[in-house]
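An overview of the molecular structure
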Amino acid sequence: MAPRAAVVHVDVDVEPEAVWSALTRPVELSTWLARVVEGAPGPGPGYSLEHDSGVRTRHVVRRWERRSRLTISWEVPDQPKTTVGFDMEVLEEGSRVTVRHEDLTDPVEQAATWHRRLEYLAAHLAGQDLPMDQFWATHDELVAAYSPS
């Protein structure tokens, strides 16, 4: 089966600069995605994140267009390398953040995971960080919602 993509978006009541900060500043990344444990998000040799499950992912920036587009490689141990893009669009009130995770053999689980991550991002941008230990609480329901009928 050909690789596919998971595409999910969220509208937030902040300007793209605040979204950009949440995507690129280690202290903010740790509130909604994962903790930076090596390197620094940005152009350069790359960085590693440690997720709440203890899994480490490795990333290299492919596109760095401040306040509009960030594309990174996404490497999980023992899995094929994928690509994640974050696009920011200015709305009449706030911004739309779209995540496109590409090169997936089965995008349903990733769509559900990014849906939940974007809920955490939106909460962070609203000043109401959600507890990481509750991240997986609704994951199965989201997988079912994204599964083809």
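Our structure's up above, just so we're on the same page.
Everything numeric in this text was worked out from a predicted model, so none of it was measured. (Residues numbered from 1 in each chain as written. Predicted model: local features only at pLDDT ≥ 70, side-chain atom pairs only at ≥ 80, totals over all residues. Heavy atoms only, no water.)

What about the nonpolar core?
One finds Val19, Trp32, Leu33, Ile72, Phe86 and Trp114 to be the most contacted residues of the largest nonpolar core, which totals 34 residues. Put simply, the parts of the chain that give this core at least two residues each are strand 1 (4–12), helix 1 (16–24), helix 2 (26–32), strand 3 (47–50), strand 6 (69–74), strand 7 (82–90), strand 8 (95–104) and helix 3 (107–125). Of the residues forming this core, the biggest block, 6 residues, is contributed by helix 3. Ignoring sequence-local partners within four residues, the contact set of Ile72 consists of Tyr47, His59, Val60, Val61, Arg62, Thr82, Thr83, Val84 and Phe86. (Core = buried A, V, L, I, M, F, W, Y, C linked by side-chain atoms within 4.5 Å. Buried < 20%, exposed > 50% of the residue type's maximum accessible area, 1.4 Å probe, protein only. Helix = DSSP H or I, 4+ residues; strand = E, 2+ residues; numbered from the N terminus. Contact = heavy atoms within 4.5 Å.)

Focus: the packing of aromatic side chains
Applying the stated criterion to the full structure yields 6 aromatic pairs. Geometrically, the ring pair formed by Trp74 and Trp114 is edge-to-face, given 5.5 Å between the ring centres and 70 degrees between the ring planes. Taken together, the residues span a long stretch of sequence, with Trp74 in strand 6 and Trp114 in helix 3 at a distance of 40 residues. On the basis of an interplanar angle of 80 degrees and a centroid distance of 5.7 Å, the ring pair of Phe86 and Trp114 is categorised as edge-to-face. Taken together, the residues Phe86 in strand 7 and Trp114 in helix 3 connect sequence positions 28 residues apart. Per residue, the accessibility class of Phe86 equals that of Trp114, and both read buried. Here the aromatic cluster, defined as three or more aromatic residues joined through ring pairs, consists of Trp32, Trp74, Phe86 and Trp114. Stacked on the ring of Phe135, the Lys or Arg Arg117 has its end atom at 3.9 Å from the ring centre. (Phe/Tyr/Trp six-rings, centres within 6.5 Å; stacked < 30°, edge-to-face > 60°. Lys NZ or Arg CZ within 6 Å of the ring centre and 35° of its normal.)

Quick word on the pattern of salt bridges
Opposite charge on two side chains permits them to pair, given that their charged atoms come into close proximity. Inspection of the entire model under this criterion finds 13 salt bridges. With a closest N to O distance of 2.9 Å, Arg66 and Glu17 form a salt bridge. With Arg66 in the loop between strand 5 (61–65) and strand 6 and Glu17 in helix 1, the pair connects residues that are 49 residues apart, well separated along the chain. Overall, Arg66 belongs to the partly exposed group, its relative accessible area being 45%. The class for Glu17 is partly exposed, based on a relative accessible area of 31%. Note that Arg58 is salt-bridged to Glu38, the shortest N-O span being 3.8 Å. Residue Arg58 is found in strand 4 (residues 56–59), and its partner Glu38 is found in strand 2 (residues 35–39); the two are separated by 20 residues along the sequence. Using a relative accessible area of 25% as the deciding quantity, one classes Arg58 as partly exposed. Judged by relative accessible area, which is 42%, Glu38 ranks as partly exposed. (Salt bridge = Lys/Arg side-chain N within 4 Å of Asp/Glu carboxyl O.)

Some thoughts on the sheet that holds strand 6
The 5 strands are arranged 1-8-7-6-5 in an open sheet whose pairing can be described as antiparallel. The sheet is open, and its two edges are formed by strand 1 and strand 5, each paired on a single side. Mean inter-strand twist for the sheet, computed between neighbouring axes without regard to direction, equals 15 degrees. Taken together, the 6 bridges between strand 6 and strand 7 define a ladder with antiparallel strand orientation. Paired with Trp74 across the two strands is Thr82, which belongs to strand 7. Helix 3 rests against strand 1, strand 6, strand 7 and strand 8 of the sheet, and its axis sits at about 20 degrees to strand 1. (Pairing = 2+ DSSP bridges. Axes fitted to C-alpha atoms, helices over the stretch in contact; angles between N-to-C directions.)

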